[in-house]
Amino acid sequence: MYKVLLVDDERIILEGISNGIDWAALDTILVDTARNGVEAYEKIVREQPHIVISDIKMPGMDGLALAAKVHQEFPSIRFILLSGFSEFEYARSAMQYGVKHYLLKPCNEHTIMETLEKVIGELKEEEDKEQFVQGIKSRFETAQPYIKEQLLKEFISNKIYTNRDLSYYQRLFNIELSDQQVRLLLFQLEGEFAFEHMYALKNIAEEILVSPLLSTIIGEYVLFIMEEGEAAQLQDQIKLIREKFFQFYGLDTTVAVSEADHIRSARRLYQETLECLNHRFYLGEGSIITKKDITSVSQDSDFSIEFDEQQFCLLIKSGHWEDAREEITSFFTTLINKRLGIHLTKSYVMQLFLVMVQTCDSEHMNVYMEKIPSLMAMNTVQQMKTFFEQTAEEITLTYYNCHKTKHSSIINKVIGIINEHLGNPDLSLKWVANQMLYMNADYLGKLFKQETGERFSNYVMKVRIEKAMEQIKQMDDVKIVTLAEMIGFGDNPQYFSQVFKKHTGCTPSEYRRGL
């Protein structure tokens with residue numbers, strides 16, 4: 001409903017128009033009346049009417065002066081001026097203040113209503129225009145981020161932009177593009193992620209980064225064009241983005257930062273960030289990578305990695321996991337330091353992996369061979385190292401358990417021989433190895449200690465003393481000489497007594513009395 005203010009210094013005219021017009025039928029409401037221009041202006045400021053019907057000739061401030069003052073401060077308010085015949089030409093000068101409608105006094109209700117209808121029609125037409133313009137503006141503002149994203153994608157395509165193009169986009173988006181040095185930031189999410197994660201990362205980054213010029217999601221990356229600023233500050237902002245995103249989604253992010261250059265070089269800068277991201281294969285996921293972090297990549301066909309595959313496989317097959325793990329660490333450290341091409345590095349890893357799994361039986365080898373595609377698809381050398389170590393440990397421990405079972409059988413035989421030949425003064429590791437088991441004595445000694453935790457000689461001495469203690473308990477009158485001979489000390493009872501005391505804290509005689 002449109003608000004109307006009526007202004008006339010003649011009370012009869014004021015009341016006649018006020019009561020004679022069916023305001024509601026015109027979708028209007030008479031909000032107030034005034035007797036002069038000064039009073040009318042105060043009420044206009046307070047009521048903000050859509051239409052003012054005013055006499056032109058009034059004391060204090062006439063209708064023309066009122067129209068001029070209101071037009072300056074409230075240009076959307078429409079005026080209908082009432083004038084006598086002699087004032088009509090003077091009234092027409094109000095056109096400069098946007099006044100289009102004049103009524104000659106005296107005028108009847110029908111004439112006033114017709115004029116009001118015209119003014120209301122004009123107001124509605126203006127409202128429709130304004131609504132249309134605002135709708136277009138709103139849609140443009142809604143679409144502007146997507147248009148900016150498309151613009152950024154075009155910047156990194158093959159299209160070449162001139163200064164004229166940049167000036168056009170600068171005016172369109174109210175951003176400074178022409179003479180600025182910019183950097184590109186390229187974010188890559190790690191692990192399993194969906195589009196919503198990239199969208200969330202983009203929004204988090206837009207909140208934290210200081211005035212990014214343009215941003216977009218392109219493929220599996222989130223891309224920003226930034227004004228060149230302080231490098232340390234930018235690093236801090238990127239770290240904060242990664243930390244906040246990880247808090248929400250538990251996903252890590254690798255970021256590539258280009259060098260600074262003119263925005264016309266955006267395509268080259270984009271290629272630079274892609275190259276940086278490729279080096280996360282060596283630098284690891286979750287890195288912030290710049291061109292300074294990238295060393296030259298060697299593709300020399302004569303450049304090779306020296307590694308003793310036979311020694312490595314021997315460690316695997318012998319079950320020595322700690323030694324094998326050291327070799328794996330050395331191998332991957334060499335690969336990382338050499339910084340060969342990614343495909344060449346992967347080929348070295350696959351070659352050693354094949355050599356390793358071929359030490360297994362055919363059933364296990366086929367299982368491990370099926371894992372090769374997963375190994376080759378890994379994004380970082382650290383991922384490949386972890387996978388390689390897990391597989392190597394499985395194979396090594398399988399061999400270790402096989403050897404342990406086999407060793408246990410041999411050591412059980414050794415213990416049986418010790419118990420059977422305990423009284424033999426010649427009982428020794430060398431005698432058991434050479435005369436009874438036909439094995440290398442040093443190797444047998446290592447196996448014995450690995451299984452029992454004791455050296456062979458210590459074990460034999462411990463068993464002999466335990467046997468002596470048992471005999472003393474069972475044979476109260478047994479002589480020390482006889483006892484020494486029974487448990488392998490031969491005719492040296494004095495040495496037997498010394499060894500007995502060392503193990504028990506007392507001599508055989510003292511031990512007997514204690515019983």
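Residues numbered from 1 in each chain as written. Predicted model: local features only at pLDDT ≥ 70, side-chain atom pairs only at ≥ 80, totals over all residues. Heavy atoms only, no water.

Student: Give me the side chain of lysine 202: which residues, what numbers.
Tutor: Summarising the element assignment, lysine 202 is placed in helix H7 (residues 195–208). On the basis of relative accessible area, lysine 202 is assigned to the buried category, the value being 7%. Among the polar contacts made by the side chain of lysine 202, one reaches the side chain of glutamate 206 at a distance of 2.9 Å. (Helix = DSSP H or I, 4+ residues; strand = E, 2+ residues; numbered from the N terminus. Buried < 20%, exposed > 50% of the residue type's maximum accessible area, 1.4 Å probe, protein only. Polar contact = N/O pair within 3.5 Å; in protein donor to acceptor, adjacent residues only side chain to side chain.)

Student: So what about the pairing of strand S8 (residues 221–227)? Which residues, and what values?
Tutor: With five of seven residues buried, S8 is to be regarded as a mostly interior element. Alignment of strand S6 (residues 181–189) against S8, held across seven bridges, turns out to be antiparallel. When the bridges of S8 are listed, valine 182 appears paired with glutamate 227. Note: strand S7 (residues 214–218) against S8, five bridges, orientation antiparallel. Along S8, the bridge assignment pairs serine 215 with phenylalanine 224. Between the antiparallel neighbours S7 and S8 lie two residues, among them glycine 219 with a positive phi of about 65°. (Pairing = 2+ DSSP bridges.)

Student: Which residues make up the nonpolar core, and what values do they have?
Tutor: What tends to happen in soluble globular proteins is that the nonpolar side chains get buried as a cluster. Of all hydrophobic cores here, the largest spans 31 residues; its most connected members are Phe332, Phe353 and Phe388. Elements supplying a minimum of two residues to this core: helix H10 (280–283), helix H11 (309–318), helix H12 (321–338), helix H13 (342–357), helix H15 (372–376) and helix H16 (381–420). Broken down by element, the residue count for this core peaks at seven residues, all from H16. Beyond its immediate chain neighbours, meaning those up to four positions away, phenylalanine 388 contacts Phe312, Ile328, Phe332, Val349, Leu352, Phe353 and Met356. (Core = buried A, V, L, I, M, F, W, Y, C linked by side-chain atoms within 4.5 Å. Contact = heavy atoms within 4.5 Å.)

Student: Describe in detail the pattern of salt bridges, supporting the description with residues and values.
Tutor: On inspection of all chains with the given rule, the structure shows 21 salt bridges. The salt bridge involving glutamate 15 is made with arginine 11; its shortest N-O contact spans 3.2 Å. Here glutamate 15 pairs with arginine 11, and both are found in helix H1 (residues 11–20), just four residues apart, close to one helical turn. By relative accessible area, glutamate 15 is classed as partly exposed at 39%. The exposure class of arginine 11 is partly exposed, given its relative accessible area of 47%. (Salt bridge = Lys/Arg side-chain N within 4 Å of Asp/Glu carboxyl O.)

Student: Requested: an account of the side chain of threonine 254, with residues and values cited.
Tutor: When you line up the elements, threonine 254 lands in strand S9 (residues 253–257). Separated by 2.5 Å, the side chains of threonine 254 and glutamate 190 make a polar contact. Among all residues touching threonine 254, those that are not within four sequence positions of it are Leu186, Phe187, Gln188, Glu190, Leu277, Arg280, Gly284, Glu285, Gly286, Ser287 and Ile289.

Student: A description of empty space enclosed by the protein should follow, citing residues and the corresponding values.
Tutor: To find leftover empty space, one rolls a probe the size of a water molecule over the atoms. Here the structure, examined in full by the defined rule, presents one cavity of 30 Å³ or more. In terms of lining residues, the largest cavity is bounded by Arg78, Phe79, Gly98, Val99, Lys100, His101, Val119 and Glu122. Looking at the lining of the largest cavity, the elements with two or more residues in it are strand S4 (78–83) and helix H5 (109–155). (1 Å grid on protein atoms, 1.4 Å probe; cavity = no way out; pocket = protein on both sides within 12 Å on 5 of 7 lines; lining within 4 Å. Points joined across faces, edges and corners; volume = space filled by probe spheres on them.)

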